[in-house]
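The residues making up each chain are set out below.
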Amino acid sequence: LASDDTGNRLRFQLELEFVQCLANPNYLNFLAQRGYFKDKAFVNYLKYLLYWKEPEYAKYLKYPQCLHMLELLQYEHFRKELVNAQCAKFIDEQQILHWQHYSRKRMRLQQALAEQQQQNNTSVK
């Protein structure tokens, strides 16, 4: 029974790590160039991994964009395009642009909230 727990924990950790690797477009390019996406068993495994989209599992992810990539990997056309290094480079650039936009937007929201709290504190006095 204890070995089942250890095995399940190890499987969870391995699948968590693998799913998060899918956020890296260069890794996806590596897999595509080595023919993994042509292997029916591997494609079925990617389908199985969709359970990571469930909130009880997704909460463990540090790189949630991996779920978007996992979703895109369900499509044969996307898997075929990943063989092209330019495709991986484009995805990588788009992710960076998204993170930059998100960071700036979040900073502006935090700044506005801080200013509002400061005004509230001033008006209470």
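Here is what the cut-offs are and how they apply
Position labels on residues start from 1 in each chain and follow its written sequence. Owing to the predicted nature of the model, reporting of local features is limited to residues with pLDDT of at least 70; listing and counting of side-chain atom pairs is limited to 80 or more, with chain, interface and lining totals taken over all residues. Heavy atoms from the whole structure form the basis of all side-chain values; hydrogens and water molecules are not counted. Exposure classes here rest on a 1.4 Å probe applied to the protein chains alone. A residue is buried below 20% of its type maximum, exposed above 50%, and partly exposed in between. Helix and strand assignments follow DSSP, with helices taken as H or I runs no shorter than four residues and strands as E runs no shorter than two, numbered in order from the N terminus. Directions from the helix axis toward the C-beta atoms define the arc. For this analysis, a polar contact is any N or O atom pair within 3.5 Å, provided that within protein one partner can donate a hydrogen and the other can accept it, and provided that sequence-adjacent residues contribute only side-chain to side-chain pairs. The contact criterion used throughout is that any non-hydrogen atoms of two residues lie within 4.5 Å. When the sulfur atoms of two cysteines come within 2.5 Å, that pair is taken as a disulfide. Among buried residues, those of type Ala, Val, Leu, Ile, Met, Phe, Trp, Tyr and Cys that are joined through side-chain atoms within 4.5 Å constitute a nonpolar core.

> Please set out helix α2 (residues 25-33) residue by residue, giving values where relevant.
When we look at burial in α2, the residues that qualify are Pro-25, Leu-28, Asn-29, Leu-31 and Ala-32. The arc that holds the buried residues of α2, viewed along the axis, is 160°, so those residues lie on one side. The opening residue of α2 is Asn-24, an N-cap whose side-chain oxygen sits 2.8 Å from the backbone nitrogen of Asn-26. Within two residues after α2, Gly-35 carries a phi angle of roughly 80°, on the positive side.

> Account for the environment of Asp-92, with residues named and values stated.
Residue placement: Asp-92 occurs in helix α7 (residues 85-124). Considering only alpha carbons, one finds Asp-92 and Asn-26, 66 residues apart in sequence, at a separation of 7.8 Å. Excluding residues within four positions of it along the chain, Asp-92 makes contact with Pro-25 and Asn-26.

> Could you give an account of the state of the cysteines, with specific residues and numbers?
Within this structure, the stated rule accounts for 0 disulfides. As a non-bridged cysteine, Cys-21 has Cys-66 as the owner of its nearest cysteine sulfur, 9.3 Å distant. A relative accessible area of 0% means that Cys-66 is categorised as buried.

> Go over the nonpolar core, please, and point to the residues and values.
Ranked by internal contacts, the top residues of the largest apolar core, which has 24 residues, are Phe-37, Leu-46, Leu-49, Trp-52, Leu-73 and Leu-82. For this core, the element with the highest residue contribution is helix α5 (residues 65-72), accounting for 4 residues. Beyond its immediate chain neighbours, meaning those up to four positions away, Leu-73 contacts Leu-22, Leu-28, Phe-37, Leu-46, Phe-78, Arg-79 and Leu-82.

Interpretation in functional terms is not warranted from these geometric data alone.
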